[in-house]
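# Remarks on the overall topology
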Amino acid sequence: MAVKYFKYDKPFTLENGETLTGLTIAYNTFGRIKPGRNNVIWVCHALTANSDVADWWPNTVETKKFLDPAKYFIISANIIGSHYGTTGPLDTNPETGAPYYGSFPFITIRDMVNAHILLAHELGISGVRAMIGSSIGGFQAMEWAIMQPEFMQRLVLIATSARSQPWTIALNESQRMAIEVDPTYGTNDPEAGKKGMRVSRAIGLLSYRGSMAYNETQQENDNLYKLTGFRAATYQQYQGDKLGRRFNAYSYYRLSQAFDSHNVGRFRGGVETALSTIKAKTVIIGISSDIILPVCEQIFLYKHIPDSELYIITSDFGHDGFLVEHEKLNSILKPFIEQPLKSI
């Protein structure tokens, strides 16, 4: 589906007090909205994904799946700071007439949600049947459920947490350190930091997948004798190159900082208090082998979100299990989303 754009021509104030003079939001839609507007599903995307859910979340936007475009009107919007159409570091700073690059301001998850609330208003959507988010997408969905408790009737939180913990922040800082040692990072060039981001991505993948996934998918054939050129090594090289071709280092840097800033309890009396205000019926899903946002984080959510259910998906694919285990997700989410709802 073709990407669409919403241009907001008023000042947009960020959580840190800085202001963007205007804002562009890229978004995709699938299916058609029903007259009663009770079939809307909003999907919040993960770190380096785009607004085209069918592109990055395989086997979900399909007939008889939980994001069935024959039944639902599905919306996903690209986040601020990203490389896929929404205002970010490669866009022109109106005050200088040149791209922001490294001067693009610090952003938070709340900034992302506030931008998407503007889009929802523009589209005339006052409520949704379900809000779905995985990983940093789950951060957004959770924030939105706290900021506007009446906006969604169903909330789906997959492989996510109520706040970023020191472990995840340390992983992200290690990735930023890799970008910073690239001598081109900091220059006013869209290709700046590409080599550093290549290493950064390789570091990140270790936490996204974990040992079980690597040992299962990158194992050597015991009949072949090797001293170099191992599959796991070439896989790291390939994945680093792949992200370098499709993403921008300045965006990657800022989005990882936004990830670190996530804390639903900030200025709300603490995490437990904030979670207790969520009104949507909630399904929380953890991935058994996730080491970046482990199951203990989802158990915490389950204990503190009032009307919630918890499911743990057994998978060897770590945090990336939410991308791989689509059949298991479908068995949980399809009946949950299809449940009759009160009128929106």
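Scroll up a little and you will see the structure.
Scope of this entry: the structure provided in the associated data block. Because the structure is a prediction, the values reported are computed rather than measured. (Residues numbered from 1 in each chain as written. Predicted model: local features only at pLDDT ≥ 70, side-chain atom pairs only at ≥ 80, totals over all residues. Heavy atoms only, no water.)

### Observations regarding the overall build of the protein chain
Summing up its helical and strand segments, the protein chain has 11 helices and 12 strands in all. At 20 Å, the protein chain has a C-alpha radius of gyration in line with the 20 Å of a compact globule built from 344 residues. Seen through its principal axes, the protein chain has C-alpha atoms that stretch 65 × 55 × 40 Å. Classification of the 344 residues of the protein chain by burial places 55% in the buried group. Sequence-distant contacts, at least 24 apart, represent 74% of the contacts inside the protein chain between residues at least 6 apart. Carbon and sulfur atoms provide 54% of the accessible area of the protein chain, an area that totals close to 14,800 Å². The averaged location of the 33 negative side-chain charges in the protein chain is 6 Å from the averaged location of its 33 positive side-chain charges. (Helix = DSSP H or I, 4+ residues; strand = E, 2+ residues; numbered from the N terminus. Rg over C-alpha atoms; globule rule 2.2 N^0.38 Å. Buried < 20%, exposed > 50% of the residue type's maximum accessible area, 1.4 Å probe, protein only. Contact = heavy atoms within 4.5 Å. Areas by Shrake-Rupley, 256 points an atom, 1.4 Å probe, with all protein chains shown as cover. Lys, Arg positive; Asp, Glu negative; His and termini not counted. Charge placed at Lys NZ, Arg CZ, Asp CG, Glu CD.)

### Let's talk about helix α5 (residues 194-217)
With 24 residues, α5 extends just 27 Å between its outermost C-alpha atoms, more than 12% less than the 34 Å of an ideal straight helix rising 1.5 Å per residue. Remark: the principal bend of α5, roughly 90 degrees, maps to G210. (Expected span 1.5 Å × (residues − 1). Bend = angle between axes of the 7 residues up to and from the residue.)

### Section: the sheet that holds strand β11 (residues 281-287)
In spatial order, the strands read β1-β4-β6-β5-β9-β10-β11-β12; together these 8 strands make up an open sheet with mixed pairing. Across the chains shown, the open sheet's two edge strands, defined by having one partner strand only, are β1 (4-8) and β12 (308-313). The mean angle between the axes of side-by-side strands here comes to 20 degrees, regardless of whether they run parallel or antiparallel. Of the pairings in the sheet, the one linking strand β5 (residues 40-44) to strand β6 (residues 73-77) comprises 3 bridges and is parallel in character. Looking at the pairing, W42 lines up with I75 of β6. Packing of helix α3 (residues 136-147) onto the sheet brings it into contact with β5, β9 (128-134) and β10 (152-158), and relative to β9 it is tilted by some 140 degrees. Helix α11 (residues 326-338) rests against β5, β9, β10, β11 and β12 of the sheet, and its axis sits at about 180 degrees to β11. (Pairing = 2+ DSSP bridges. Axes fitted to C-alpha atoms, helices over the stretch in contact; angles between N-to-C directions.)

### Observations concerning the layout of surface pockets
Empty space within the largest pocket amounts to approximately 680 Å³. Along the wall of the largest pocket there are 27 residues; nearest its centre are T48, R201, R246, D320 and L323. Among the secondary structure elements, those contributing two or more residues to the lining of the largest pocket are α1 (53-56), α5, α6 (231-246) and α10 (321-324). The element contributing the most residues to the lining of the largest pocket is α6, with 5 residues. (1 Å grid on protein atoms, 1.4 Å probe; cavity = no way out; pocket = protein on both sides within 12 Å on 5 of 7 lines; lining within 4 Å. Points joined across faces, edges and corners; volume = space filled by probe spheres on them.)

Don't take any of this as a statement about function, it's just geometry.
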